[in-house]
Amino acid sequence: MKRKRAEYGQEYFNRFSGAGEKKGEINMSIMVGSARIDERGNASGGAAGDQKQTSATNDLTGEVSMQKMYFHSKGWYILRPKSAAHAVKMADLMKAACNNANIGYDPGNRLGIVQHGIMTAVKTECDCSSLVREVVKEATGKDPGNFTTANEAASLEATGLFESKRSYVSQSATPVYDGDVLVTKTKGHTVIVVSGNARKAASGSSSAPAPSVSTAKIESAKGFDKTLAGAYKTIGSLYLRAGAGKGKPELVVMPNNTTVRNYGYYTLVDGTKWLYVQTTIKGVTYTGFCSSNTKYLAKQ
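Only a predicted model underlies this, so the values are computations on that prediction, with no experimental measurement involved.

Thresholds, definitions, all that
- Residues numbered from 1 in each chain as written.
- Predicted model: local features only at pLDDT ≥ 70, side-chain atom pairs only at ≥ 80, totals over all residues.
- Heavy atoms only, no water.
- Salt bridge = Lys/Arg side-chain N within 4 Å of Asp/Glu carboxyl O.
- Helix = DSSP H or I, 4+ residues; strand = E, 2+ residues; numbered from the N terminus.
- Buried < 20%, exposed > 50% of the residue type's maximum accessible area, 1.4 Å probe, protein only.
- Core = buried A, V, L, I, M, F, W, Y, C linked by side-chain atoms within 4.5 Å.
- Contact = heavy atoms within 4.5 Å.
- Patch = residues over 30% accessible without salt bridge, like charges linked within 9 Å, V, L, I, M, F, W, Y side chains within 5 Å.
- Areas by Shrake-Rupley, 256 points an atom, 1.4 Å probe, with all protein chains shown as cover.
- Pairing = 2+ DSSP bridges.
- Axes fitted to C-alpha atoms, helices over the stretch in contact; angles between N-to-C directions.
- Expected span 1.5 Å × (residues − 1).
- Phe/Tyr/Trp six-rings, centres within 6.5 Å; stacked < 30°, edge-to-face > 60°.
- Lys NZ or Arg CZ within 6 Å of the ring centre and 35° of its normal.
- Parallel < 35°, antiparallel > 145°, perpendicular 65-115°, else oblique.
- Left-handed = near helix turned anticlockwise from the far one by under 90°.
- Nonpolar A, V, L, I, M, F, W, Y, C, P; charged D, E, K, R; others polar.
- Disulfide = S-S within 2.5 Å.

Before going further, it helps to examine the pattern of salt bridges. Within the structure shown, the criterion is met by eight salt bridges. Across the pair Arg133 and Asp143 runs a salt bridge, and its minimum N-O distance is 2.9 Å. Here Asp143 lies in the loop between helix 4 (128–140) and helix 5 (152–158) and Arg133 lies in helix 4, a separation of ten residues in the sequence. Taking the relative accessible area as the measure of exposure, Asp143 reaches 34% and is therefore partly exposed.

Let us now look at the nonpolar core. One finds Met90, Met94, Ile118, Leu131, Val135, Phe162 and Val181 to be the most contacted residues of the largest nonpolar core, which totals 34 residues. Sequence-distant contacts of Val181, defined by excluding residues within four places in its chain, comprise Tyr77, Ile78, Leu79, Met90, Val132, Glu152, Leu156, Phe162, Thr190, Val191 and Ile192. Counting residues in each nonpolar core, the second largest holds 17 residues, with Ala242, Leu251, Met254 and Ile281 among its members.

A word on a nonpolar patch on the surface. Judged by side-chain polarity, Phe224, Tyr263 and Tyr265 come together as a nonpolar surface patch covering roughly 360 Å² of accessible area. With respect to the helices, strands and loops of the structure, Phe224 is situated in strand 9 (residues 223–224).

Spatially, six strands are ordered 2-1-8-7-3-6 in an open sheet, and the strand pairing comes out antiparallel. Every interior strand has two partners, whereas the edge strands, strand 2 (64–68) and strand 6 (166–167), have only one. When strand 3 (residues 76–79) meets strand 7 (residues 181–184), the two strands line up antiparallel, connected through four bridges. Across the sheet, Tyr77 pairs through a bridge with Val183, a residue of strand 7. Strands in contact with helix 2 (residues 84–98) are strand 1 (31–35), strand 2, strand 7 and strand 8 (190–195); relative to strand 8, the strand with the most contacts, it is inclined by about 105°. Against the sheet, helix 4 contacts strand 1, strand 2, strand 7 and strand 8, and its axis sits at roughly 50° relative to strand 8.

Relative to the 18 Å expected for 13 residues at 1.5 Å per residue, helix 4 spans 19 Å between its end C-alpha atoms, a close match to the ideal helical length. Helix 4 sits mainly inside the fold: twelve of its 13 residues count as buried. Inspection of helix 4 places Cys128, Ser129, Ser130, Leu131, Val132, Arg133, Glu134, Val135, Val136, Glu138, Ala139 and Thr140 among the buried residues, and these make up the whole buried set. Immediately beyond the C-terminal end of helix 4, within one or two residues, lies Gly141, with a positive phi of roughly 85°.

This brings us to the packing of aromatic side chains. Enumeration over the complete set of coordinates arrives at four aromatic pairs. Ring centres 5.6 Å apart and planes at 55° place the aromatic pair Tyr70 and Trp76 in the tilted group. Exposure class is identical for Tyr70 and Trp76. Each is buried. Summarising the aromatic geometry, the rings of Phe71 and Tyr168 are spaced 5.6 Å apart at their centres and angled 50° between planes, so their arrangement reads as tilted. With a gap of 97 residues between them, Phe71 in the loop between strand 2 and strand 3 and Tyr168 in the loop between strand 6 and strand 7 connect regions that are remote in the sequence. For the pair shown, Phe71 and Tyr168 are each scored as buried. Between the NZ or CZ atom of Lys165 and the centre of the ring of Tyr77, over which it lies, the distance is 5.2 Å. Just above the ring of Tyr266 sits the side chain of Lys273; from NZ or CZ to the centre is 5.0 Å.

The subject of this paragraph is the packing of helix 2 against helix 4. Between helix 2 and helix 4, whose axes approach to 9 Å, the crossing angle comes to 130°. It follows from the interaxial angle that helix 2 and helix 4 lie oblique. Classified by chirality, the crossing of helix 4 by helix 2 is right-handed. Residues His86, Lys89, Met90, Leu93, Met94 and Ala97 of helix 2 lie in contact with helix 4, whose contacting residues are Leu131, Val132, Val135, Val136, Glu138, Ala139 and Thr140. Taken together, the residues that form the contact of helix 2 with helix 4 break down as nine nonpolar, two polar and two charged.

In this structure, Glu134 sits in helix 4. A relative accessible area of 2% places Glu134 in the buried class. Among residues more than four places away in sequence, those in contact with Glu134 are Ile113, Val114, Gly117 and Ile118.

With that settled, the discussion passes to the state of the cysteines. What the rule picks out here adds up to zero disulfides. We note that Cys98 lacks a disulfide partner, and the nearest cysteine sulfur, in Cys126, lies 9.0 Å from it. Exposure remark for Cys98: the relative accessible area of 0% places this residue in the buried category.

The quantities given are spatial measurements derived from coordinates; they are silent on function.
Listed below in structure tokens is the structure:
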């Protein structure tokens, strides 16, 4: 029985993840991220969190992980964010989800990710469509609602945030860009393009953009402690926010091992010092707040 369940799980994974399919005309530098399969090779059950993750910076083996783009036997629809800024955030958030060992795969508990969020420090679960939902929600501020791959294309179009769906043919005829959502034409699987072909404001451009800069007003720090001053590095992906506290607007997702610099200024929220820091990501300099919690930040 255990063998049959494992074989079924592997068959499900091969069918819906594209494993073993002919690759055709695809730029193999393009990477996608998704919730794929649980730690036992099954489509449901298992322990909360990602039991298969091997990297916190570029996970290619986990329950939720990245892989090279592939042709799916059911065909892909492309759902492209109208906003290039949203596309950048969506790609970054999917990377963050793939590298967060607290996010695992289990359709039976698929809404855990919606409750806890991409940066969760609590072990939780998702499936491929609920993960895309949460990425869209955090990147755009608009929740597209509860959908499955069967109605995902229609649900995303209904938000007004995406261009009308188009069929993927090849990278030369219908190129995909970072932040694009791919969903099978019938119920199956969904992924987000995380790297390999960045876009500018125009959907058809392949030139790499600078990260979007939020227009949110940056709060002033309320305290000073010279012992806090210095360089820090992020542990895992971490939001830089316009103010102190988890409810403040996000400016950018800082990847694992990003260097930030503090000059002693901070704001205290619920017993945690939120550091007023500066960092440069992809050539753009940001100033904002991040938590000083040692789970997320290490002083150098």
